[in-house]
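Chain by chain, the residues run as shown.
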Amino acid sequence: MRIHYFLLLVMAFAIISCQNNYYSMDDFSKVEKIDAHYHIYSSTENSLEQAQKDNFKLLNINTYSGGCERVIEAHQLLKTLKKQQPEVIEFTTTFCLEGWDEPGWVENTIQWIDQCVADGAIAVKVWKNIGMEIRDKDSLLIMIDDAQFDPVFQYLAENGIPVVGHLGEPKNCWLPLAEMTTKNDSGYFSRNPQYHMYLHPEFPSYEEQMAARDRMLEKNPELVFIGCHLASLEWSVDEMARFLDQFPNASMDMAARMGQLFYQTVENHEKVRNFFIQYQDRLMYGTDIIDRGSEKESFQNRLHETWLNDWEYLVTDHKMTSALIDGEFRGLKLPKEVVDKIYTANVKRWYGAY
């Protein structure tokens, strides 16, 4: 009887210990989290209110889309928000390519970055318009490995300022809408045909975009690089692993690419789960949600549901469906240690923030 009782105690302890290795849905608001890829373009407190309810901090990405005036306006807004909510808000800066062909562009860009860092920016964003939109005086597309960028990236590497890179687009971008693997991609490119490269075969291919990015990193091995949107390798955890193995100073965020993860999980759940565990120090959670000050209740509901659904995917093994893809998939049920890194520790490490 005593042996039987002892075995029951051992089994009960093992079950409790196992349960303690994982979070549940009930832990969502209890665990500190960071959305490492967020956009606020509004002075309303919609995002901040919901972030505090759901125990999130927000890393806001300033992107050079539109003119330099927009970059400056967004910088001033984010600077103010960080002063008001320093425990919740961090932000990046970016730089413009206006004046690219004029003397002094490099010096002016470095001076601007210095000012932004002094204002509280923790990293520098480069966007897909490099390689897909902006041209020099000879009408040639400017690629991210252009030699004129070299002194800027060298300066960032020497000063330990990370680069946040959205370079290229999802591989689906080079396919017809009907052949895209996820609905988030087909929806986006149907609304933004100017970036749907299947319609623009005169632009660099997906492979050329990735090769230019990799050449830039090869020239700057000390540069800390965070690849936005799973580094535009969202279609294959094998390719993501290859990239992270090749560039030890690189990491990536998951923003706006959950659909591609769901899609791969349908096909091979354990492969995706093993990728997260193996590269747990190199991945960061993010959404790419944009707050433009829209109707408060509907926006906050959408924000909460997005955060909650992604939490379910990462921490449970529930059977799930998503509007982003066809088919059913199962959550990854990652260990607490991995979840904590993805939601907080890796952001603190790679950005040196919070």
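That block above? That's the structure.
Visitor: It is not clear to me how the overall build of the protein should be interpreted in this structure. Could you clarify?
Guide: Along the protein, the regular secondary structure elements total 13 helices and twelve strands. Each principal axis of the C-alpha distribution contributes one length, and for the protein these read about 90 × 45 × 40 Å. Out of the 354 residues belonging to the protein, those deemed buried represent 54%. Counting contacts in the protein only where the partners sit at least 6 residues apart, residues at least 24 apart contribute 72% of the total. As presented, the protein carries roughly 16,000 Å² of accessible surface, and 51% of it is formed by carbon and sulfur atoms. If you average the places of the 34 positive and of the 53 negative side-chain charges in the protein, the two averages end up 6 Å apart.

Visitor: How should the state of the cysteines be read in this particular structure?
Guide: Covalently bonding the sulfur atom of one cysteine to the sulfur atom of another cysteine gives a disulfide. Across all of its chains, the model carries one disulfide by this definition. For C68, the disulfide goes to C96, at an S-S distance of 2.3 Å. You can see C68 sitting in helix α3 (residues 68-84) and its partner C96 sitting in the loop between β4 (93-94) and α4 (105-118), a full 28 residues away along the chain. Here C68 falls in the buried class, since its relative accessible area comes to 18%.

Visitor: When you look at the pattern of salt bridges in this model, what are you seeing that I'm missing?
Guide: Should their charged atoms come close, side chains of opposite charge can pair. A complete count under the given rule lists 15 salt bridges for this structure. Two residues, E90 and K82, come together in a salt bridge whose shortest N-O distance is 2.6 Å. With respect to class, E90 is no different from K82; both count as buried. R215 is the salt-bridge partner of D145, the closest N and O atoms lying 2.7 Å from each other. With D145 in the loop between β5 (124-126) and α5 (150-158) and R215 in helix α7 (residues 206-219), this residue pair connects regions lying 70 residues apart in the sequence. Each member of the salt-bridge network shares a partner with another, and the members are E32, K57 and K348.

Visitor: Is there a simple way to think about the layout of surface pockets in this case?
Guide: Over the atoms, a rolling probe the size of a water molecule traces out where space has been left empty. When its volume is computed, the largest pocket comes out at roughly 1,200 Å³. Around the largest pocket, the lining is made up of 44 residues, and of these Y188, A256, T287, D288 and I289 lie nearest the centre. The residue makeup of the lining of the largest pocket, split by class, is 14 nonpolar, 17 polar and 13 charged. By volume, the second largest pocket is sized at about 220 Å³.

Visitor: Would you explain empty space enclosed by the protein in this entry?
Guide: Applying the stated criterion across every chain, the model contains one cavity of 30 Å³ or more. The space that makes up the largest cavity amounts to roughly 40 Å³. If you trace the largest cavity, you find it lined by Y64, T94, F95, L97, K125, V126, W127, N129 and I130. Partitioning the lining of the largest cavity into residue classes produces six nonpolar, two polar and one charged.

Visitor: I'm lost on helix α10 (residues 258-267) in this one. Help?
Guide: Along an α-helix, residues three or four positions apart point the same way, because every turn accommodates 3.6 residues. α10 sits mainly inside the fold: seven of its ten residues count as buried. Taken together, the buried residues of α10 touch α6 (183-191), α8 (228-231), α9 (237-246), α11 (269-278), α12 (296-315) and β12 (329-330).

Visitor: Mind showing me how you'd approach the packing of helix α2 (residues 46-53) against α12 here?
Guide: Two quantities define a packed helix pair, namely the angle between the helix axes and the distance between the axes. Interhelical geometry of α2 versus α12 gives an angle of 40° and a closest axis separation of 10 Å. With respect to their mutual orientation, α2 and α12 come out oblique. For α2 against α12, the interelement crossing comes out right-handed. Contacts from N46, S47, E49, Q50, A51 and K53 in α2 reach K296, F299, Q300, L303, H304 and W307 in α12. Of the residues in the contact of α2 with α12, the class split is four nonpolar, five polar and three charged.

Visitor: I tried to follow the environment of P335 on my own but got confused; where do I start?
Guide: Mapped onto the secondary structure, P335 falls in the loop between β12 and α13 (336-351). When the C-alpha atoms of P335 and N20 are compared, they prove to be 9.2 Å apart, with 315 residues separating the residues in sequence. Beyond its immediate chain neighbours, meaning those up to four positions away, P335 contacts N21, Y22, R273 and I277.

Definitions and cut-offs
- Residues numbered from 1 in each chain as written.
- Predicted model: local features only at pLDDT ≥ 70, side-chain atom pairs only at ≥ 80, totals over all residues.
- Heavy atoms only, no water.
- Helix = DSSP H or I, 4+ residues; strand = E, 2+ residues; numbered from the N terminus.
- Buried < 20%, exposed > 50% of the residue type's maximum accessible area, 1.4 Å probe, protein only.
- Contact = heavy atoms within 4.5 Å.
- Areas by Shrake-Rupley, 256 points an atom, 1.4 Å probe, with all protein chains shown as cover.
- Lys, Arg positive; Asp, Glu negative; His and termini not counted.
- Charge placed at Lys NZ, Arg CZ, Asp CG, Glu CD.
- Disulfide = S-S within 2.5 Å.
- Salt bridge = Lys/Arg side-chain N within 4 Å of Asp/Glu carboxyl O.
- 1 Å grid on protein atoms, 1.4 Å probe; cavity = no way out; pocket = protein on both sides within 12 Å on 5 of 7 lines; lining within 4 Å.
- Points joined across faces, edges and corners; volume = space filled by probe spheres on them.
- Nonpolar A, V, L, I, M, F, W, Y, C, P; charged D, E, K, R; others polar.
- Axes fitted to C-alpha atoms, helices over the stretch in contact; angles between N-to-C directions.
- Parallel < 35°, antiparallel > 145°, perpendicular 65-115°, else oblique.
- Left-handed = near helix turned anticlockwise from the far one by under 90°.

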